[in-house]
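Residue-level structural notes
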Amino acid sequence: MINKVLREKIMEAFSSVLPITAIVIVISVVLVPMPTGTFMLFLGGAALLIIGMGFFTLGVDMAMIPMGEGIGVQLTKSSKLVLIIFVSFAMGVVITVAEPSLMVFAQQVTAIPYWYIIFTVAAGMGFYLALAVLRTLFKIRFSTLLILSYLACFILAYFNPSAFVAIGFEAGSVVTGPIAVPFVLAIGLGLVSVRSDKGSVEDSFGLVALILVGPAVAMLLLGIFFEPVDMEMGLMHIQAVDTSRDVAGAFGAVIPQQIIEVSTAMGSILACFLVLQIVSRRYSKHQLGRIIIGFFYTLVGLVFFLTGVNVGFIPVGQLLGSELAASPFSWTLIPIGGVIGYFIVAAEPAVHVLNKQVEEVSGGAITQKMMYRGLAIGMGMAVALTMARILFGIQLLWIIVPGYTLALLLSFFVPRIFTAIAFDSGAVCTGPMSATFLLPIAMGVADGSGRSLMIYAVGIVTIVAMTPPIIIQIMGLMHQMKLKKADAAAGLAETVEVAGYSDITILEERR
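Residues numbered from 1 in each chain as written. Predicted model: local features only at pLDDT ≥ 70, side-chain atom pairs only at ≥ 80, totals over all residues. Heavy atoms only, no water.

Some details on the overall build of the protein
Looking only at helices and strands, the protein features 21 helices and zero strands. Counting only contacts in the protein whose residues sit at least 6 apart along the sequence, the fraction spanning at least 24 positions is 86%. Of the roughly 21,100 Å² of accessible surface on the protein, 68% is carried by carbon and sulfur atoms. (Helix = DSSP H or I, 4+ residues; strand = E, 2+ residues; numbered from the N terminus. Contact = heavy atoms within 4.5 Å. Areas by Shrake-Rupley, 256 points an atom, 1.4 Å probe, with all protein chains shown as cover.)

Next up, the structure:
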């Protein structure tokens, strides 16, 4: 049974990765001729991406979601507020410190000591996860916390060096990766599973959106106190490969390191889960066995996925960006970026998890197809906007301040569930594909255009997190208008029935 499901998951992953692979191949043939070795690395990376996504999505269904829901349910059963806050904060810190992408992020920001960044981001994540849990338990309006949080970010950004602003906002994206997102989404479902009130569905979402803004607030505070200087970064090294053996060696050299990083991340979550099981005895032996198997699938999937992205996609993204930016066809980066963004969203592992949960929780009112379309449009707009920002030298705040202002204003006019889902969707789009494929493209474009990599390339993930909330809330507004129209039509039909007239009679009288 599991083998059949795994095959289905891999085929779904194949259909998700195929469009972006085809786009890169077409660009390499028509616009940017690619060295054979680099092209082979890309194809190998795509293959690992497909296998990794298949294992990962199956593992999430079997392990990560039940584990997160269990923790959420246990938190609701506790009457001790201090214990709830402590456990939520500790879970946020553990998940963040173990996130592999955070380690890479901290190594790139050389102006601040490595461990200062790690613990600052972890503290911001832990604080906001505790705040998000309290919001759900005490039924605090999601948009209120979100508006206050982003207002704090913009005020803090004013007092930060311009080169550090993008780093500050980007900090949130590195913790909303493939490990944290499914786990936190499941915690939200667990928190409201024992509630039956009207707002329980809306309150099951929003946790991921809040944990994205927490590290940004913390990092911008750190930037004020440290006054960082020397905020520059260099291009990533593109490994030269000539033969198929070199290609295999390039992947083989990275896999052991990925196993260590992913095992560390997953191990910390497993340890927390075992403590929960010892205390609560929540799961039976059969359930525990299934969770352990799913945990293994998740680990294998992440190792393959991250290896494929880091080895196969980073050099290609950087090469495409730099070559196109330096060519007479640099303007094509804007439409090409839009197309890449539109299709790359399907390759983000956490997107599949969110879309499935949205369809289940909404009872099919918000389908996976609707979500994919909205996220794809948002991602396409984000990448196209980023390419224009780099080519024309537009400051990040000039984009995100009006963008987030619009997104927050829309929250007053759409159903609450759409607001929470919309901002969660922005967070899940900032996964490993954005960080390790879109960011290298932006770095290449900045280098080819003669722009500062730190000021103009960094910030693409922040814009990616901004546009889906706007698109999804506009979808919510349209959905609301459609429902009102349907209600109005139903009301007219009821009036006609009460009056004893048929539709034809009414029409004839109007004539």
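There's plenty left to go through after this.
Notes on the nonpolar core
Counting 158 residues, the largest nonpolar core has Phe-183, Met-219, Ile-340, Met-433, Phe-437 and Leu-438 as its most contacted members. The element that contributes the greatest number of residues to this core is helix 12 (residues 285–325), accounting for 14 residues. Residues contacting Leu-438, with those up to four places away along its chain left out, are Ile-340, Ile-344, Met-379, Val-383, Met-433, Ile-460 and Val-464. Grouped together as the second largest cluster of nonpolar side chains are seven residues, Leu-41, Val-241, Phe-251 and Val-311 included. (Core = buried A, V, L, I, M, F, W, Y, C linked by side-chain atoms within 4.5 Å. Buried < 20%, exposed > 50% of the residue type's maximum accessible area, 1.4 Å probe, protein only.)

Observations regarding empty space enclosed by the protein
By the definition in use, this model includes four cavities of 30 Å³ or more. Approximately 70 Å³ is the volume found for the largest cavity. Considering the residues around the largest cavity, the lining is formed by Tyr-150, Phe-169, Gly-172, Ser-173, Leu-212, Val-213, Ala-216, Tyr-404, Thr-430, Val-461, Thr-462 and Ala-465. Listing elements by their share of the lining of the largest cavity, those giving two or more residues are helix 7 (162–175), helix 10 (207–226) and helix 20 (460–499). For the second largest cavity, the calculated volume is near 60 Å³. Taken together, Ile-27, Leu-320, Gly-321, Leu-324, Leu-333, Ile-336, Gly-337, Ile-340, Val-383, Met-387 and Ile-441 make up the lining of the second largest cavity. Secondary structure elements with two or more residues in the lining of the second largest cavity: helix 12, helix 13 (333–344) and helix 15 (368–392). A per-element tally of the lining of the second largest cavity places helix 13 first, with four residues. Residues of the lining of the second largest cavity, tallied by class, amount to nine nonpolar, two polar and no charged. (1 Å grid on protein atoms, 1.4 Å probe; cavity = no way out; pocket = protein on both sides within 12 Å on 5 of 7 lines; lining within 4 Å. Points joined across faces, edges and corners; volume = space filled by probe spheres on them. Nonpolar A, V, L, I, M, F, W, Y, C, P; charged D, E, K, R; others polar.)

Re a nonpolar patch on the surface
A surface patch of nonpolar side chains, about 650 Å² in accessible area, is lined by Val-26, Val-29, Val-30, Leu-31, Phe-329 and Trp-331. You can see Val-26 is positioned in helix 1 (residues 2–30). (Patch = residues over 30% accessible without salt bridge, like charges linked within 9 Å, V, L, I, M, F, W, Y side chains within 5 Å. Salt bridge = Lys/Arg side-chain N within 4 Å of Asp/Glu carboxyl O.)

What to know about the environment of Leu-207
Secondary-structure assignment places Leu-207 in helix 10. Excluding its chain neighbours within four sequence positions, the residues that come into contact with Leu-207 are Leu-129, Ala-132, Arg-135, Thr-136, Val-184, Ile-187, Gly-188, Leu-191 and Asp-424.

Some details on the pattern of salt bridges
Think of it this way: side chains of opposite charge can pair up when their charged atoms draw near. Applying the stated criterion across every chain, the model contains two salt bridges. Note that Asp-61 and Lys-9 form a salt bridge whose closest N and O atoms lie 2.9 Å from each other. Remark: Lys-9 occurs in helix 1 and Asp-61 occurs in helix 2 (residues 36–77); sequence separation between them is 52 residues. Residue class for Lys-9 comes out buried when judged on its relative accessible area of 15%. For Lys-356, the salt bridge identified is with Asp-61, shortest N-O distance 3.3 Å. Of this pair, Lys-356 sits in helix 14 (residues 349–361) while Asp-61 sits in helix 2; the two residues are 295 residues apart in sequence, bridging distant segments of the chain. Each of Lys-9, Asp-61 and Lys-356 takes part in one network of salt bridges that share partners.

Some details on the side chain of Asn-160
Of note, Asn-160 is situated in the loop between helix 6 (142–158) and helix 7. Polar side-chain contacts of Asn-160 include one of 2.8 Å to the backbone oxygen of Leu-156. Dropping the residues within four chain positions of it, Asn-160 is found in contact with Val-165, Leu-220, Gly-223 and Ile-224. (Polar contact = N/O pair within 3.5 Å; in protein donor to acceptor, adjacent residues only side chain to side chain.)

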